[in-house]
Amino acid sequence: MGSIVALVDEAIAEQIEYYRARAGEYDEWWVRRGRYALPPELERQWFHDVAQAETALRDFAPTGRVLELACGTGLWTRHLVGHAQHVTAVDASPEVIEYNRERLAGARLNIEYIVADLFGWQPPPAAYDVVMFTYWLSHVPDDRLAEFWSGVRSALKPGGRVFVIDSAAGGVPADDRAAWPRLRRPAGARSSASWPTAANSWC
Ligand SMILES: C[S@@+](CC[C@H](N)C(=O)[O-])C[C@H]1O[C@@H](n2cnc3c(N)ncnc32)[C@H](O)[C@@H]1O
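Residues numbered from 1 in each chain as written. Predicted model: local features only at pLDDT ≥ 70, side-chain atom pairs only at ≥ 80, totals over all residues.

1. Structural notes on the overall build of the protein
When its secondary structure is counted, the protein shows 6 helices and 7 strands. Start at the N end of the protein and walk to the C end: the helices and strands fall as α-α-α-β-β-α-β-β-α-β-β-α-β. Burial statistics for the protein: of 203 residues in total, 29% are counted as buried. Pairs at least 24 apart in sequence give 71% of the contacts found in the protein among residues at least 6 apart. (Helix = DSSP H or I, 4+ residues; strand = E, 2+ residues; numbered from the N terminus. Buried ≥ 20, exposed ≤ 12 C-beta atoms within 10 Å, placed from the backbone. Contact = placed C-beta atoms within 7 Å.)

2. Quick word on the site of the ligand
The environment of the ligand is made up of 21 residues, and the closest members are Tyr19, Ala70, Gly72, Ala92 and Thr134. Ranked by residues supplied to the shell around the ligand, first place goes to helix α1 (residues 2–21) with 4 residues. Taken together, the residues of the shell around the ligand break down into 14 nonpolar, 5 polar and 2 charged. (Near = placed C-beta within 6 Å. Nonpolar A, V, L, I, M, F, W, Y, C, P; charged D, E, K, R; others polar.)

3. Brief notes about the pairing of strand β3 (residues 111–115)
Note: strand β2 (residues 84–91) against β3, 5 bridges, orientation parallel. Paired with Val87 across the strands is Ile111, a residue of β3. Between β2 and its parallel partner β3, the chain crosses via helix α4 (residues 94–103), and the hand of that crossover is right-handed. (Pairing = 2+ DSSP bridges. Right-handed = clockwise from strand over helix to strand, strands pointing away.)

4. Some words on the sheet that holds strand β5 (residues 156–165)
The strand order β3-β2-β1-β4-β5 describes an open sheet built from 5 strands, whose pairing is parallel. Among the strands making up the open sheet, the edge pair consists of β3 and β5. Taking each pair of neighbouring strands and ignoring which way they run, the sheet shows an average axis angle of 20°. Each of β1 (64–69), β4 (128–134) and β5 touches helix α5 (residues 142–155); the most contacted strand, β5, lies at about 130° to it. (Axes fitted to C-alpha atoms, helices over the stretch in contact; angles between N-to-C directions.)

5. Re the pairing of β2
In terms of burial, β2 is a largely internal element, 6 of the 8 residues being buried. Of the strand pairs in this sheet, β1 and β2 are connected by 6 bridges, and their pairing is parallel. Residue pairing for β2: Leu67 is matched across the bridge by Thr88.

6. Details of unusual backbone geometry
Positive phi values are uncommon outside glycine, yet Ala61 reaches one of about 55°. Checked against the element boundaries, Ala61 lands in the loop between α3 (40–60) and β1. Phi at Ala126 takes a positive value of approximately 50°, unusual for a residue other than glycine. Within the secondary structure, Ala126 sits in the loop between β3 and β4. What makes Ala126 exposed here is the crowd of 12 C-beta atoms within 10 Å.

Here it is in structure tokens:
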């Protein structure tokens, strides 16, 4: 039992290092540039899916005090502008937080950044109207899921809401897999085997 916990801890540490190292190229992947470019049909599908997800967030209207978990470079934080009164944006990578800070620098949004490993950090209880996480749930190992959801629940005020975007189940086009920098799934990490993100859940 102890060794499974150690393996999962190792996978979590590896995942953090992976995103720290890739902070500078994450957005390139998101906009499918350079080595992340897709063939035209897949590219159309990708941007169609992104637009749908963005519309879903706009319709959800993340108002009040918002906690964004694994905020990344701010690709979704930016959509909180015009809705949220205050945002707490948490990520384990100081590098991606720096990109997020730069992206949101001129925005009319009150943001507090926290660098923390979400598997150790505890949100303050009943403090948020909304908890949001995009492309994060698929990174939560199975044996940490219950604890993770319990943290989300305790962070929410009564009547609080959760907004989640992640990869859908389904196949990944072979061309897309070929462009992937890393296909190995860490021991203990959940695989989403999905489109649009990847053959594994790391993107
Ligand atoms: C796939 S990216 C998603 C980023 C952002 N939510 C988005 O949709 O653009 C996963 C993010 O999780 C962060 N992350 C990975 N492991 C983490 C951990 N244990 N605690 C906090 N953040 C973590 C990475 O630094 C990265 O920014």
